[in-house]
Amino acid sequence: MTSTVKAQLAVLGTNLFFAANFSLVKYISPSYIKPFAVNIIRVGISALLFWSLWILVATFTKKPGAGIQKKDMPRFLLCGLTGVAINQMFFIKGITYTSPIHASLLILLTPLLITLFAYWVLKEKMTLVKVMGLTLGIGGSVLLILSKENSINAVNYLLGDMLIVVNAISYACYFILVKPLMQKYPPLHVVRWIFTFGFFMILPFGWSDFFSVQWENFRWIHSISLVAIVFAGTFLAYYFNVYGIQHLGAGVAGSFIYTQPIFAAVIAVIFMKEVLTIEKLLAGLLIFTGVYLVNFGKKSFNTGLRVIEE
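My aim in this report is to walk through the structure given alongside it, one point at a time. Not measured: the values here are computed from a predicted model. (Residues numbered from 1 in each chain as written. Predicted model: local features only at pLDDT ≥ 70, side-chain atom pairs only at ≥ 80, totals over all residues. Heavy atoms only, no water.)

**Description of the pattern of salt bridges**
Here is step 1 of the chain: Applying the stated criterion across every chain yields a total of two salt bridges.
Here is step 2 of the chain: Two residues, Lys-34 and Asp-209, come together in a salt bridge whose shortest N-O distance is 4.0 Å. Here Lys-34, found in the loop between α1 (3-28) and α2 (35-61), pairs with Asp-209, found in helix α8 (residues 187-211); they are 175 residues apart in sequence, far enough to count as distant.
Here is step 3 of the chain: On the basis of relative accessible area, Asp-209 is assigned to the buried category, the value being 13%. (Salt bridge = Lys/Arg side-chain N within 4 Å of Asp/Glu carboxyl O. Helix = DSSP H or I, 4+ residues; strand = E, 2+ residues; numbered from the N terminus. Buried < 20%, exposed > 50% of the residue type's maximum accessible area, 1.4 Å probe, protein only.)

**Section: the packing of aromatic side chains**
Here is step 1 of the chain: Applying the stated criterion to the full structure yields 18 aromatic pairs.
Here is step 2 of the chain: Ring centres of Phe-22 and Phe-91 lie 5.4 Å apart, and the angle between their planes is 70°; this geometry places the pair in the edge-to-face category. Of this pair, Phe-22 sits in helix α1 while Phe-91 is found in helix α3 (residues 73-97), placing the two residues 69 residues apart along the sequence. The two residues Phe-22 and Phe-91 agree in class, both being buried. (Phe/Tyr/Trp six-rings, centres within 6.5 Å; stacked < 30°, edge-to-face > 60°.)

**Remarks on the nonpolar core**
Here is step 1 of the chain: Core analysis: the largest hydrophobic core is formed by 78 residues, its most contacted members being Ile-33, Val-190, Ile-194 and Phe-195.
Here is step 2 of the chain: Among all residues touching Phe-195, those that are not within four sequence positions of it are Val-43, Ser-46, Ala-47, Phe-50, Val-84, Thr-234 and Tyr-238.
Here is step 3 of the chain: Counting six residues, the second largest nonpolar core, distinct from the first, contains Ala-7, Ile-245, Leu-248 and Ala-253. (Core = buried A, V, L, I, M, F, W, Y, C linked by side-chain atoms within 4.5 Å. Contact = heavy atoms within 4.5 Å.)

Right, dumping it as structure tokens:
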């Protein structure tokens, strides 16, 4: 198996794990564990795993651990804030209010927002095709948010959807901010520090929730779900994504985001009894078309998803 195929499978796994998170989080939170307590566990354990992996790699390669230059510290902190703290807290909280399918479709706002931020911050060229894509994608998102339906998996669609949108905005900012760090430091080094800083940022918000968890009410299926969220949906997903970016480039790796809503919809329909309505399908089609036009409308492929180091 070539390194390219391995990288493709890794990125596909990343999006499958992320997709499963929508239903897994919904299954255990807030019924058995509060959202911010989930954040404390998934970010804290993942940070420890990233540090352990870094130490293991450094031991076998006999390469000294890389530090952080003083001038880069503010950017690392901002990446921890946008890529972990705000991103993770708003995602977990949002998914507890809305449905897995709504959340997974709204996540596709990320590449659209990256394009907008790349135009605004990095002065990337904005073409007519990109404008059309942004219009369609954002229009589909508005349609999805404003659509009203009854679901046993959603207690407040509007609030949940808006929190997911904030999550997407935060992650788009993270993509822009992390580019120089990925170019300067090893990706695994960047991720371990971002998770470390992010963990300490979310600690004040989730501390009391963590200690209020009634573990005696957990059944084996709830424990397995939490382990899957932490190990597969966070640690492996982030690590596989870094591996994919290294071997495929950020553009190719980022294009796999299209598979995430498909995986999420299938999982939600089978395990969470979700229903695919006409509104969801139409909104999904508009968002998919918008993302496609933004990212593949020109031969140059010089889009927001390329903001991370190729």
